[in-house]
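Analysis of the macromolecular model
What follows is the residue order along each chain.
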Amino acid sequence: MSDASSVIDDLGRESEELDRLVAQLSEDRWALTTPAPGWTVAHQIAHLAWTDRAALLAVTDAKAFAVEVEKALASPGTWVDEAAREGAALPPARLLAEWRAGRTALDHALRAAPSGTRFPWYGPPMSAASMATGRLMETWAHGQDVADTLGVVRTPTDRLRHVARIGVRARDFAFAVRGLSAPREEFRVELTAPSGSEVWTYGPQDAAQRVTGPALDFCLLVTQRANRADLAVRAEGPDADRWLDIAQAFAGPPGAGRAPKGEAR
């Protein structure tokens, strides 16, 4: 039995919340353009369905997953968009059914994974808990795109703890992917949980540089779903300030981010 059951449970809840947003949409609303350039609501769900399938292969069939990695290496700049475009071309009912089936299969596979097992991925190998955490982060982030498109304000939950943790741990990657040297010292990060019941803390308490603010705003920042200018995340120290300008919780090249509210996309 996997030791990742808690985060897998949270992944299921995050997926169900997004499912409720799209399940009753008419076909024309599946075609609405989201804040991600060139992506509709259908593209967002297709991307999640495709990534769930890739994760399922990584957990259950390493050789088949290696083939998918080769495809990615053959077209590094376009493979994500191509996969989303292929899925978005499906009728919405079929796309929704495939997303549901894929995430259910992944849920079962992650729960069955022996504790301590690590699975191949597009970056470093991942444990079941790490795989589920990554899937939750993506589900929440792409769900934010859908919510923004539909004009829905979601109530944040303490499931954001998982997204925040990835964002903190990805600090050095955010510098490296831009060809910058990461700061040598750790930062102190203090984030107020959405429930308001606690403050999530990372890094040494006596660190010279720190980041503070609402966990929701930090998660919007590191997933690049909102511009820093529109968020109540604050930095103390030059390196911490620089990090907030470039932070990203996702793998791959640096994203373009979002324009401040009021500016054109």
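Model, not experiment: these values are computed from the prediction.

What follows is about the overall build of the protein. When you go through the protein residue by residue, the secondary structure sums to eleven helices and six strands. Here the C-alpha atoms of the protein give a radius of gyration of 18 Å, agreeing with the 18 Å that 2.2 N^0.38 yields for 265 residues. Taken over the C-alpha atoms alone, the protein extends approximately 50 × 45 × 40 Å along its principal axes. Counting only contacts in the protein whose residues sit at least 6 apart along the sequence, the fraction spanning at least 24 positions is 66%. Accessible surface computed for the protein: about 13,000 Å², of which carbon and sulfur atoms make up 52%.

A word on the sheet that holds strand β4 (residues 199-202). Reading across the sheet, the four strands line up as β4-β3-β5-β6 and stay open at both edges, with mixed pairing between neighbours. With partners counted over all chains shown, the strands left at the sheet margins are β4 and β6 (234-236), one partner each. In this sheet, neighbouring strand axes are inclined to one another by 15° on average, regardless of whether the strands run parallel or antiparallel. Pairing of strand β3 (residues 188-192) with strand β5 (residues 210-214), which is carried by five bridges, proceeds in the parallel orientation.

Summarising the sheet, β3 and β4 pair through four bridges and their orientation is antiparallel. Paired with T192 across the bridge in β4 is V199. Where β3 hands over to β4, the hairpin turn is made up of six residues, of which G196 adopts a positive phi near 75°.

Along the polypeptide, D206 turns up in the loop between β4 and β5. Residue classification places D206 among the exposed residues on the basis of a relative accessible area of 69%. On a C-alpha basis, the gap between D206 and I45 in space is 42 Å, while along the polypeptide they are 161 residues apart.

Looking now at helix α11 (residues 238-246). Note on helix geometry: an α-helix contains 3.6 residues per turn, so any two residues three or four positions apart are oriented the same way. Listed in full, the buried residues belonging to α11 are A240, W243, L244 and I246. Residues of α11 that are buried in the fold lie against α8 (160-169), α9 (171-176), β3, β5, α10 (215-222) and β6.

Another point: helix α3 (residues 41-60). For α3, built from 20 residues, the straight-helix expectation of 28 Å at 1.5 Å per residue is met to within 8% by its first-to-last C-alpha distance of 29 Å. Where burial is concerned, most of α3 is hidden: 16 out of the 20 residues are buried.

Looking now at the pattern of salt bridges. For the coordinates displayed, the defined rule picks out 20 salt bridges. We note a salt bridge from R188 to E190, for which the minimum N-O separation is 3.2 Å. The class of E190 is partly exposed, set by a relative accessible area of 24%. Put simply, E14, E17, R154 and R159 are held in one network by salt bridges that share partners.

Turning next to the layout of surface pockets. Put simply, the second largest pocket is a space of about 340 Å³. Elements with a contribution of two residues or more to the lining of the second largest pocket: α3, α4 (62-74), α5 (79-88) and α6 (92-112). Considering each element in turn, the lining of the second largest pocket owes the most residues, five residues, to α5. Taken together, the residues that form the lining of the second largest pocket break down as nine nonpolar, two polar and six charged.

With that settled, consider the packing of helix α7 (residues 128-150) against α8. Between α7 and α8, whose axes approach to 9 Å, the crossing angle comes to 105°. Here α8 runs roughly perpendicular to α7, going by the angle between their axes. Across from T133, G134, L136, M137 and W140 in α7, the residues of α8 making contact are L160, H162, V163 and I166. A breakdown of the residues in the contact of α7 with α8 according to their chemical character gives six nonpolar, three polar and no charged.

So, about the packing of aromatic side chains. Under the definition given, this model contains seven aromatic pairs. Arranged with centres 5.9 Å apart and planes meeting at 65°, the rings of F218 and W243 form a pair that is edge-to-face. Of this pair, F218 sits in helix α10 while W243 sits in helix α11, and the two are 25 residues apart along the sequence. On the accessibility criterion, W243 (1% relative accessible area) is buried. Its end group placed over the ring of W99, R103 keeps NZ or CZ at 4.2 Å from the ring centre.

With that settled, the discussion passes to the nonpolar core. In this structure, L110, W121, M131, V211, F218 and W243 are the most contacted members of the largest nonpolar core, which totals 52 residues. Broken down by element, the residue count for this core peaks at seven residues, all from α7. Setting aside its immediate chain neighbours within four residues, W121 contacts T51, A54, A55, A58, F65, M126 and M131. If you look at the next biggest cluster of nonpolar residues, it comprises 19 residues, including L21, L25, V41 and L48.

Criteria and thresholds
- Residues numbered from 1 in each chain as written.
- Predicted model: local features only at pLDDT ≥ 70, side-chain atom pairs only at ≥ 80, totals over all residues.
- Heavy atoms only, no water.
- Helix = DSSP H or I, 4+ residues; strand = E, 2+ residues; numbered from the N terminus.
- Rg over C-alpha atoms; globule rule 2.2 N^0.38 Å.
- Contact = heavy atoms within 4.5 Å.
- Areas by Shrake-Rupley, 256 points an atom, 1.4 Å probe, with all protein chains shown as cover.
- Pairing = 2+ DSSP bridges.
- Axes fitted to C-alpha atoms, helices over the stretch in contact; angles between N-to-C directions.
- Buried < 20%, exposed > 50% of the residue type's maximum accessible area, 1.4 Å probe, protein only.
- Expected span 1.5 Å × (residues − 1).
- Salt bridge = Lys/Arg side-chain N within 4 Å of Asp/Glu carboxyl O.
- 1 Å grid on protein atoms, 1.4 Å probe; cavity = no way out; pocket = protein on both sides within 12 Å on 5 of 7 lines; lining within 4 Å.
- Points joined across faces, edges and corners; volume = space filled by probe spheres on them.
- Nonpolar A, V, L, I, M, F, W, Y, C, P; charged D, E, K, R; others polar.
- Parallel < 35°, antiparallel > 145°, perpendicular 65-115°, else oblique.
- Phe/Tyr/Trp six-rings, centres within 6.5 Å; stacked < 30°, edge-to-face > 60°.
- Lys NZ or Arg CZ within 6 Å of the ring centre and 35° of its normal.
- Core = buried A, V, L, I, M, F, W, Y, C linked by side-chain atoms within 4.5 Å.

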